[in-house]
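Analysis of the macromolecular model
Residue strings, one per chain:
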Amino acid sequence: MTTILDVARAAGLSTATVSRALREPEKVTEKTRAKVFKAVEAVNYRPNMLARNLRTDKSFTLLVLVPGIANPFFANVTAGIEATAWKRGYSVLLGDTRDSPEREEHYARLVETRLADGVIQLSPDYAPAESRRQAPYPVVHACGCELTEAPSVRIDNVGAMHEVVAHLIARGHRRIAAISGPQANAHAIDRLKGYRQALEAAGIAFDPGLVLHGSFRMQSGFEAAREILAMSPRPTAIVSINDEMAIGAIQALAAQGVSVPSDIAVTGFDDIDFAAHSTPALTTVRQPAAEMGAKACELLIDWIEDKARDEAVHILPHTLVVRESSG
Ligand code: RIB
């Protein structure tokens, strides 16, 4: 069986350096890391992970909990997590929780039994810092909401939606419908708050009849747009709190012969790849998804490795991306 000694010989380095490069790649130079990985491949070295875990009491694995794996936004956040984890010598396990507490508990047990060293939670739902501190393992939120406490990463969801609605108002829209998410979803709550604030700032009364609740999926945007089309008087603009529902809404409008943006303007939120390629191209808010994942991953690994316990809420910058769909 190939051992670490074979790798060390092939790389022309000591076993201590090889072991360090494999355990803590960020602590060796790029050149050493490349030598070691080349030697690992050359001698076909497969370290005994179980033995390593028992020695270090660490699994070098992070558990990422995603509320909806089919949403490209979460795929981009996860890609940022994975790239950072990889650089720092960690692997990533993915749990698609579909917002089910039962699934979350099931996955949490993986950390309790040391199959993972910590959790990155992508669901925004509010978890008080106190309860997270009491969790027997480190937890970091990558897509927090206004109430999510440190350590966490998020954008200013309220401010971003305020900007979108202000942009539509500046283009002359006053009757603006909203396709929101599930009522209890924390991002839906924050983004609707931004919607209301922008209306109030422009002296437009908030009308709850103009707010529909979707599921974040394309089909629910499609269905909500059909309801909006039946409203009288018909809204002249629709803000959707994510891109998928906005794209579904545009499809429903097109199917009824309603033109976007000349008959109704539509906006999204996230800036997933499809946003720039939908017809018409979608005005949206760009969330720096990969950076959010990367930052959360750095915070978690620093915590796991006792380097730093960051007690800050990191609010990353968003961008309003104006395209054809808002006129
Ligand atoms: O959970 C769904 C939505 O919340 C995503 O589309 C993204 O906007 C996230 O913040």
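- Naming follows an unreviewed UniProt entry, where the protein appears as LacI family repressor for deo operon, udp, cdd, tsx, nupC, and nupG of Sphingomonas leidyi.

1. Focus: the pattern of salt bridges
- Here the structure, examined in full by the defined rule, presents 11 salt bridges.
- Here E30 makes a salt bridge to R33, at a shortest N to O gap of 3.0 Å. Of the two residues, E30 and R33 are both situated in helix α3 (residues 30-43); the distance of 3 residues between them amounts to about one turn of the helix.
- The class for E30 is exposed, based on a relative accessible area of 58%.
- On the basis of relative accessibility, which here comes to 18%, the residue R33 falls in the buried class.

2. Structural notes on the pairing of strand β2 (residues 91-96)
- Sheet topology note: the strand β1 (residues 61-66)/β2 ladder contains 6 bridges and is parallel. Of the residues in β2, the one forming a bridge with L62 is V92.
- In this region the chain leaves β1, passes through helix α5 (residues 72-87) and returns to the parallel neighbour β2; the handedness of that crossover is right-handed.

3. A closer look at the nonpolar core
- The biggest cluster of nonpolar side chains holds 74 residues, and the ones touching the most others in it are L122 and Y195.
- Examining the composition of this core, we find that 9 residues originate from one element, helix α13 (residues 289-304), more than from any other.
- A domain-level breakdown of this core finds at least three residues from each of domain 2 (58-155 + 288-316) and domain 3 (157-286).

4. Considering the sheet that holds strand β6 (residues 176-180)
- With respect to topology, 4 strands assemble into an open sheet ordered β7-β6-β8-β9, the strand pairing being parallel. Across the chains shown, the open sheet's two edge strands, defined by having one partner strand only, are β7 (211-213) and β9 (265-267). For this sheet, the mean angle separating the axes of adjacent strands, direction not counted, is 15°.
- Sheet topology note: the β6/β7 ladder contains 3 bridges and is parallel. Looking across to β7, one finds that A178 is bridged to V211.
- Each of β6, β7 and β8 (237-240) is contacted by helix α9 (residues 186-201), which is oriented at about 170° to β6, the strand it contacts most.

5. What about the environment of S262?
- Here S262 is to be found in the loop between α11 (243-255) and β9.
- Along the sequence, S262 and T236 sit 26 residues apart, while their C-alpha atoms lie 8.9 Å from each other.
- Side-chain polar atoms of S262 contact the side chain of S259, separated by 2.8 Å.

6. Let's talk about α11
- Between its first and last C-alpha, α11 extends 18 Å over 13 residues, near the 18 Å set by a 1.5 Å rise per residue.
- Summarising burial for α11: 10 of the 13 residues are buried, a large majority.
- All buried positions along α11 are accounted for by D243, E244, M245, A246, I247, G248, A249, I250, A252 and L253.
- Where α11 starts, the residue carrying a side-chain oxygen 3.1 Å from the main-chain nitrogen of M245 turns out to be N242.
- Just downstream of α11 lies G257, where phi reads positive at about 75°.

7. Describing the packing of helix α8 (residues 157-170) against α9
- At a closest axis distance of 7 Å, the pairing of α8 and α9 adopts a crossing angle of 40°. Overall, the two elements α8 and α9 adopt an arrangement that is oblique. With respect to the hand of their crossing, α8 and α9 are arranged in right-handed fashion. Counting all contacts with α8, which are made through N157, V158, M161, H162, V165, A166 and I169, the residues of α9 involved are H187, D190, R191, K193, G194, Y195, Q197, A198, L199 and A201.
- Taken together, the residues of the contact of α8 with α9 break down into 9 nonpolar, 5 polar and 3 charged.

8. Quick look at the site of the ligand
- In the vicinity of the ligand, the residues found are N71, F73, F74, H187, R191, F216, N242, D270 and Q287.
- Note that an oxygen atom of the ligand is positioned 2.6 Å from one of the side-chain N or O atoms of H187.
- One of the side-chain N or O atoms of N242 is found 3.1 Å from an oxygen atom in the ligand.
- Within the complex, 97% of the 280 Å² of free accessible area of the ligand lies under protein.
- Counting residues per element, the ones that place at least two in the shell around the ligand are α5 and α9.
- A domain split of the shell around the ligand shows at least three residues from each of domain 2 (58-155 + 288-316) and domain 3 (157-286).

The rules we used
- Residues numbered from 1 in each chain as written.
- Predicted model: local features only at pLDDT ≥ 70, side-chain atom pairs only at ≥ 80, totals over all residues.
- Heavy atoms only, no water.
- Salt bridge = Lys/Arg side-chain N within 4 Å of Asp/Glu carboxyl O.
- Helix = DSSP H or I, 4+ residues; strand = E, 2+ residues; numbered from the N terminus.
- Buried < 20%, exposed > 50% of the residue type's maximum accessible area, 1.4 Å probe, protein only.
- Pairing = 2+ DSSP bridges.
- Right-handed = clockwise from strand over helix to strand, strands pointing away.
- Core = buried A, V, L, I, M, F, W, Y, C linked by side-chain atoms within 4.5 Å.
- Domains from an automatic or database assignment.
- Axes fitted to C-alpha atoms, helices over the stretch in contact; angles between N-to-C directions.
- Contact = heavy atoms within 4.5 Å.
- Polar contact = N/O pair within 3.5 Å; in protein donor to acceptor, adjacent residues only side chain to side chain.
- Expected span 1.5 Å × (residues − 1).
- Parallel < 35°, antiparallel > 145°, perpendicular 65-115°, else oblique.
- Left-handed = near helix turned anticlockwise from the far one by under 90°.
- Nonpolar A, V, L, I, M, F, W, Y, C, P; charged D, E, K, R; others polar.
- Near = heavy atom within 4 Å.
- Areas by Shrake-Rupley, 256 points an atom, 1.4 Å probe, with all protein chains shown as cover.

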